[in-house]
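The lines below spell out each chain.
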Amino acid sequence: MLSTLVTIGVLASWTTLVNIKPSESFNDIVKLDYCPKLLKLVPEENSQLLSLSDFHSEAYKNYSLSVWQDAIKIYTPSFDDLGAVGEDKRWEVFFEFEKYLKQSFPAVHEFASLEQVNLHGLVYHIKGSDASLKPIMLTGHQDVVPVPPETIKRWTYPPFEAHFDGKFVWGRGSSDCKNNVIGIFEALEQLFTHGFKPKRGIVVALGFDEESSGKEGAEKIGQYLLRNFGEKSFFSIIDEGGLGIQDFYGTRFALPSTGEKGYVDIVIDLVTQGGHSSVPPKHTGIGIISHLVTLIESYDYSLDITDKNPFFYQLQCEAKFGATIGHRLKSDLLNIGDPKSKKRALDILATDGTTRALLSTTQAVDIIHGGLKINALPEKVTLKINHRVGYDSSIKEVKDRITSLVLQVADLYGLGVQAFEKTLKDAVNGQFTIISDSDLDPAPLTSTIGNPTWDILGGTIKHVFEDFANFSDHNPEVDPEVIVAPSCMTGNTDTKHYWKLSENIYRFTPIQQEKRLNAHAIDERVQLDAHIEGVVFYHQFIRNADSYE
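Computed from a prediction, not measured in an experiment: that's the story for all the values here.

**Description of the packing of helix 7 (residues 178-193) against helix 16 (residues 528-547)**
- Running from N to C, helix 7 and helix 16 point in directions that differ by 55°, and their axes come no closer than 8 Å. Judged on the interaxial angle alone, helix 16 and helix 7 are oblique. Crossing angle aside, the handedness with which helix 7 passes helix 16 is right-handed. For the pair formed by helix 7 and helix 16, the contact residues are Asn179, Asn180, Ile182, Gly183, Ile184, Glu186, Ala187, Leu188, Gln190 and Leu191 on the first element and His531, Val535, Tyr538, His539, Ile542 and Arg543 on the second.

**What about the sheet that holds strand 19 (residues 516-517)?**
- Reading across the sheet, the three strands line up as 4-20-19 and stay open at both edges, with antiparallel pairing between neighbours. Sheet topology places strand 4 (168-170) and strand 19 at the edges, where each strand pairs with a single neighbour.
- As defined by bridge partners, strand 4 adjoins strand 20 (residues 525-527) across three bridges and the pair is classed as antiparallel. Note on strand 20: the bridge partner recorded for phenylalanine 168 is glutamine 527.

**Some words on the domain arrangement of the protein chain**
- Domain parsing of the protein chain yields domain 1 (60-244 + 488-547) and domain 2 (260-440).
- Between domain 1 and domain 2, the C-alpha centre-to-centre distance is 33 Å.
- In this assembly, eleven residues from domain 1 lie in contact with twelve residues from domain 2.
- Contact with domain 2 buries area across many residues of domain 1, yet Cys488, Thr490 and Asn492 alone supply 63% of it, more than any other trio.

Conventions we followed
- Residues numbered from 1 in each chain as written.
- Predicted model: local features only at pLDDT ≥ 70, side-chain atom pairs only at ≥ 80, totals over all residues.
- Heavy atoms only, no water.
- Axes fitted to C-alpha atoms, helices over the stretch in contact; angles between N-to-C directions.
- Helix = DSSP H or I, 4+ residues; strand = E, 2+ residues; numbered from the N terminus.
- Parallel < 35°, antiparallel > 145°, perpendicular 65-115°, else oblique.
- Left-handed = near helix turned anticlockwise from the far one by under 90°.
- Contact = heavy atoms within 4.5 Å.
- Pairing = 2+ DSSP bridges.
- Domains from an automatic or database assignment.
- Buried area = accessible area lost by both parts, 1.4 Å probe.

Now the structure itself:
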C-alpha cells in the first residue's frame, strides 16, 4: 500500500474533484482549474524490493546496459511491403526476439502466461491476487523502422551493434521503442526476482508492425484482448509516446499524451488520354496534377483550440505554471474563451511549426506517380496526400475540401470527377477519382480531472523525476518540481487498436526528452542513465497502481 501521508492526500484529490468532460459551454469551462497540481506518489517502503539507490549502482547499470544492448542488436525491421505472417520470411526475425526475451527475463516468464497472437504478437498476463481489480496494460512494439543500406556508412557507429560510448547507446530502435519495451521487462524482472506479488493483474502487449500501422500485430492483439477480457476491462493502458520531460518557460514539465490526432490518406487518380510526346496537349496529366497540388498547398486548415483537444490542457498548465511565460500570452491562454484573447494566443502559438500542427489539421503531399517513358504522354497520374486530423476538425472537412479543389481543376480542364464512390461530374477529356485510405478519427480523450489513473501516473512521474532522475546538466534556475500536463500526439501509436479496452489510455515514454536523439534517423541514440530512469518509472508505477483499490 502507499505511504500514509501520500495516500491521504491522493484520496482527498480523488474524492473532491469532479470528473469534468469536454464542455458544451466553453466560455464557462475555461474558468475552471484544468491544471490542478498533482501530488507526488511514493510506494510504501518494502525492504524486499530494490530501492531507488539500487538502480544507481554500477552493478545495475552494467546489467541494464547488457540486456538493452542485446535487444538492439536483434534487427527487427517492419517493411510496408511485407507479405502474409508465416509466409514472408522477413517476419521470422521476431522468433529471435521472442527467444531473447525468454532468455533475458526468466522471472517474467516464470510468473506470466504468454500467448502468441498472430504468431509474433506477444501478450504476457500476470494474474493478480484480487480478481475484482482491473488489470493495467503496458505496451510497446518489437519492430523498428528499417535502416536504408545506403545510409549505414553515415552512422557514427554501426546501427545494429548497440555501441555504448560511456554515455549514449547508439542503434536503430534504441529510442523507438526498445527503450520502452526493455524498460518494462527490466522493471518486472526486478519486481518478481525480489518477491513482488501483485494484487492487480498486469498485461504486457507487444505488437510487431507498429511502424507499418499495426494491422498484423496490435490490431490482432486488441481483438484477442477484447475476446478474453472484454470492453473497458483495463484500469489503464500506457504505451510509448508523449513529449517526455522538458524544461521550457522556466518550468519542468512532464507531458503524457491523453489523445492523438486523427488520420486519413487521400488518394487521387487522374486518367487522361495518352499519346506521343511529340504532339502533346498544352497540359499533360502531370501538369494538371501539379496545378491541383499548388491549390492544395495554398490552403491551410484553420487554427483553433477548445477543450476537445488534449493540447488545450497543456496550454492551460503552461499558462498557470510557466515561470517565464509572457504576461500577454499567459493572460490570453487563461481567458481563451474570449474571442479576442483566443485570436491573440493563436497568432503567437502558430509561429512555431510543431505547435501549429497541434492546433489544426495538417496535410502533406507525399507521393506522386506518373509517366512510364520519356516519349509517351502519361495516361495515369496518382497523388497521395497524408492528413493528420485535428480535434477541432473532422475527416469530413478534409474530404469536402479536397473534393472542392478537385472540382475547380476539373472545370478548368474539362475532366470528370468521382469522389468517394459518387459521380459528381461526367468525364469528357479524362477523369479524377478520389478515395480515402486508413480513415481514423481523433482518439477518444482521456479525462484527467478527478481521474485516479491520471493521479497515479502523474504522481509516479513526479516521484521518479524529482527523487531519482539526474538533471545536473539542466539550467539550475529551473525549479526541480515537475508539473504534469496532458498533451496530444500528432502521430498515431498502437493504442488506436486498444480504444475499446479502457477509457484511460496514456502515451508516455518516461525520459528526459533531450536525452533521446534521432528516432527513425541516422545516429539514433539514448543515454543509459535516461533509460534506467525509465526502468524506475515502470517499477514504481506498477507498485503504485497495485496499491490503489
